[in-house]
Each structure stands twice: as C-alpha cells, then as structure tokens.
Amino acid sequence: MTAAFTFPGQGSQAVGMGKALADAFPAAKAVFDEVDAALGGKLTATIWDGPAETLQLTENAQPALMAVSLATLRVLETEAGFSVARDAAYVAGHSLGEYSALAAAGSLSIGDTARLLRTRGLAMQKAVPVGVGAMAALLGLDYEAAVAIASEAAQDQVCQAANDNGGGQVVVSGDKAAVERALEIAKSRGVKRAMLLPVSAPFHCRLMQPAADAMAKALADVAIRAPASPLVSNVLAAAITDPDEIRRRLIEQVTGTVRWRESVAYMAAHGVTRFFEIGAGRVLSGLVKRIADGAVGIPVGGPNDIAAAKDSLASAHSA
C-alpha cells in the first residue's frame, strides 16, 4: 500500500464546508445527522450557515471538521470503493485530525468522537484565560532553531514548539509575553517571517495541562478499538495500534508537540507516495510536497474531488 489517509486540523474550517457532499450523497448526510444527534443540537446549521465567528469557536470547529472528514470518507467508500483497511498503509491527522483518523479507522465511533472533540474544544478554551496565552508562527527556519528560540524566550514562563509543520514552518505556544519575546528573538535572527496567530488559546503547550486532565477523564469512559490501519501518532511520529497506547498518546497530545513533519517523513520512508487529505481545505496537501520528495497530496473535500481520488487510488494500487 502506497497511500495514507490524512485528516486536517483546526484552521481548515470554512462556513459551507461539506454541504455539497451532504446534498449530493445520502452517506454524507447520514454522518452529519449522526454528529448532530451525538451532540444534541444542530452543529450542521453552524457548519453550513455560520456565522463564521460561531464556527471558529474551538468547541464547534473541532467536531465540525471531524464531521466533514468522516462524511467525505463515507462518500469515498460508497462511491469510489475506498477501504481504510485495504487501501491505507497509515492514517494520521493534524491535532484534532488525529481523532478523525481514529474514527475513520474504526477505532472510535463517530458519536464518541464528536462528543470527545466537543469536550476537548471546551477544555482547551477553559484551560487558559483569554489574553494570557498566545501562539506565533515562525517561518523560514528549522525545528531545532525554533526550539532554541522558544527555550531562550521562555525565561520563567512557558514557550514551547507546538507544531512542527514542515517546510520551515514551526508554531510556538505559551504565555503571551514569552511568545512575544520569541517573535523578537526570531526577527533579530533574520527569520523570514514571524507573526502572532489569531487563536483564542495557547494550544499544545504545558499551559494546556487542565485540558489534558479533562481528556484523560473523558477518554477513560470511551471504547477504543485497534484501528483498521496503523495510526501515526502526533506526539511519536511513529505508528501505533494498541488501544491503551492510543488513549495515552491522545492525552499527551494536548500538551505535546504536533510532529507533523516527522510524521509525513515516517510514512514516506515506509513507502507512502500518495497522501489523501480527507475533509476541509488543502493545508496538509501543501505541506506534503515540502516534506517528502516525490510524494503528492491529494485533497478530497467536495463532490468534484471524488472521481479524481478514485483514479489516484487506482494508480496507487497499480504502482
């Protein structure tokens, strides 16, 4: 198998995402109905009609992006003959996308995933008062250099590398003053671009420990099965299948670095040449070509993408 199925994270959301799929395919509509039922409300109304400010709230954006990813996968299964177990050497997702990947691989039910992501979004938002934390993107430097800048900027506060996205793009997270110091240090060292991100909380750093505690409690009550294809874990950048380890790594992920560059490199080193980005946006597909020479990212998020995805999967099998 030379294909991996990947799932986007927060920031890829857009009002109207997934609506064309739901209108065209009953299998997609069924996923959105299942998510609404699990959450006891009409998240789909927010996804399709907005307003954008409501969709962007972490507790909405996280289950919404998962819903679009799983609806897209169901259409790929019913219309294009996709099978996670047969066709995906690995599944992986960026931050919240890791939950989408696990639902796609049958490790979590869609209903449980929706509830977990609602809990995760609320807990991450509550962990740090608004304005206390910040995140910033440092562009044009390698991961080790970003870690050194974050460490220097921390002083007696928190500043950590939160996302190693690849292509010279690293996000740092922590106390606002420390993150602002990291920006100044980066600029003084000629970093191509350094900017604060418009986020409501400092994700993937030690300040998120209260959210990690909340997820430990929530995950303890949820059935996790071995995935149909191995999960490449955010915090390990390596494949895992054991349900107890999956649970443990999901908790660690809340405060740990999303090692996306290394995750893609791991999959490429194990023979993956096609990375299907299943759900909203094209962020992960753009990163693939910067990380793995010769690999291609194939975004699949709307009805017009289905036929091309089917052809690409057929090519992967004949390669």
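To be clear, the structure that these remarks concern was listed above.
Undergrad: So what exactly am I meant to see when it comes to the packing of aromatic side chains here?
TA: Ring pairs (aromatic) are described by centroid distance and by the angle formed between their planes. Tallied over the full model, the rule gives five aromatic pairs. For the pair F5 and F276, a centre-to-centre distance of 5.9 Å together with 85° between the ring planes defines the contact as edge-to-face. Taken together, the residues F5 in strand β1 (residues 3–7) and F276 in strand β9 (residues 274–278) connect sequence positions 271 residues apart. Judged by its relative accessible area of 0%, F5 is buried. The exposure class of F276 is buried, given its relative accessible area of 0%. Taken together, F5, F82 and F276 form an aromatic cluster joined through their ring pairs.

Undergrad: What exactly am I supposed to notice about the pattern of salt bridges here?
TA: Charged atoms that come close allow side chains of opposite charge to pair. Using the criterion set out here, one finds eleven salt bridges in the structure. Among the ionic pairs, D112 bridges to R115, the shortest N-O distance being 2.9 Å. Here D112 pairs with R115, and both are found in helix α8 (residues 110–127), just three residues apart, close to one helical turn. In this structure, R261 and D164 form a salt bridge, with 2.8 Å as the shortest nitrogen-oxygen distance. Taken together, the residues R261 in helix α13 (residues 260–269) and D164 in strand β4 (residues 159–166) connect sequence positions 97 residues apart. Classification of D164 by relative accessible area gives buried; the value is 2%. Among the charged side chains, a network of salt bridges with common partners joins E245, R249 and E252.

Undergrad: Just checking my understanding: could you explain the pairing of strand β5 (residues 169–175) for this structure?
TA: Taken residue by residue, a regular strand's side chains alternate between the two faces of the sheet. For β5, the buried fraction is high: six of the seven residues fall into the buried class. Here strand β3 (residues 133–139) runs beside β5; their pairing, made up of seven bridges, is antiparallel. Within β5, the residue paired with A136 across the bridge is V172. Here six bridges tie β4 to β5, and the two strands are oriented antiparallel to one another.

Undergrad: Looking at this model, I keep getting lost on helix α10 (residues 176–188). Mind explaining?
TA: One turn of the α-helix equals 3.6 residues, which is why residues spaced by three or four share an orientation. Between the first and last C-alpha of α10 there are 19 Å, a value that for 13 residues agrees with the 18 Å anticipated at 1.5 Å per step. Buried residues of α10: A178, V179, A182, L183, I185 and A186, and no others. Down the axis of α10, the buried set is contained in an arc of 170°. They therefore lie on one face. Away from its buried face by more than 90 degrees, α10 exposes E184 and S188. Summarising the contacts, the buried residues of α10 are in contact with β3, α9 (143–154), β4, β5 and β6 (193–196). Note on α10: the residue one or two positions beyond its end, G190, has a positive phi of about 75°.

Undergrad: Looking at this model, I keep getting lost on the environment of A114. Mind explaining?
TA: Within the fold, A114 resides in helix α8. For A114, a relative accessible area of 0% gives the class buried. Considering only alpha carbons, one finds A114 and N60, 54 residues apart in sequence, at a separation of 9.8 Å. Contact partners of A114, with chain neighbours within four places excluded, come to V35, A38, L39, P63 and M66.

Undergrad: Looking at this structure, how should I read the side chain of S69?
TA: Along the chain, the position of S69 falls in helix α5 (residues 58–80). A polar atom in the side chain of S69 sits 2.8 Å from the backbone oxygen of I278. Excluding its chain neighbours within four sequence positions, the residues that come into contact with S69 are F7, P8, S100, I278 and G279.

Undergrad: Looking at this structure, I do not really get the pairing of strand β10 (residues 296–300). What am I missing?
TA: When β9 meets β10, the two strands line up parallel, connected through five bridges. Within β10, the residue paired with E277 across the bridge is P299. Crossover handedness for the path β9 to helix α14 (residues 283–291) to β10: right-handed.

Undergrad: Looking at this model, I keep getting lost on the environment of P227. Mind explaining?
TA: Examined against the element boundaries, P227 turns out to sit in the loop between α11 (209–220) and β7 (231–232). Among the residues examined, P227 registers a relative accessible area of 10% and is labelled buried. Counting along the chain gives 16 residues from P227 to P243, while the straight-line C-alpha distance between them is 8.2 Å. With near-sequence residues (within four places) excluded, P227 lies in contact with A105, S107, I240, T241 and I246.

Undergrad: What am I meant to see in the nonpolar core here?
TA: The nonpolar side chains of a soluble globular protein tend to be buried with one another. By size, the foremost hydrophobic cluster in this structure holds 79 residues, and its most contacted members are F5, I47, V91, M208 and F276. Ranked by the residues each element gives to this core, the list is headed by α5, at eleven residues. Excluding residues that lie within four positions of it along the chain, F276 makes contacts with A3, A4, F5, T6, F82, I298, V300, A309, S312 and L313. Listed in part, the 22 residues of the second largest apolar core include L141, V172, V179 and A182.

Conventions and cut-offs
Residues numbered from 1 in each chain as written. Predicted model: local features only at pLDDT ≥ 70, side-chain atom pairs only at ≥ 80, totals over all residues. Heavy atoms only, no water. Phe/Tyr/Trp six-rings, centres within 6.5 Å; stacked < 30°, edge-to-face > 60°. Helix = DSSP H or I, 4+ residues; strand = E, 2+ residues; numbered from the N terminus. Buried < 20%, exposed > 50% of the residue type's maximum accessible area, 1.4 Å probe, protein only. Salt bridge = Lys/Arg side-chain N within 4 Å of Asp/Glu carboxyl O. Pairing = 2+ DSSP bridges. Expected span 1.5 Å × (residues − 1). Arc of directions from axis to C-beta. Contact = heavy atoms within 4.5 Å. Polar contact = N/O pair within 3.5 Å; in protein donor to acceptor, adjacent residues only side chain to side chain. Right-handed = clockwise from strand over helix to strand, strands pointing away. Core = buried A, V, L, I, M, F, W, Y, C linked by side-chain atoms within 4.5 Å.

Just distances and angles here, no functional claims.
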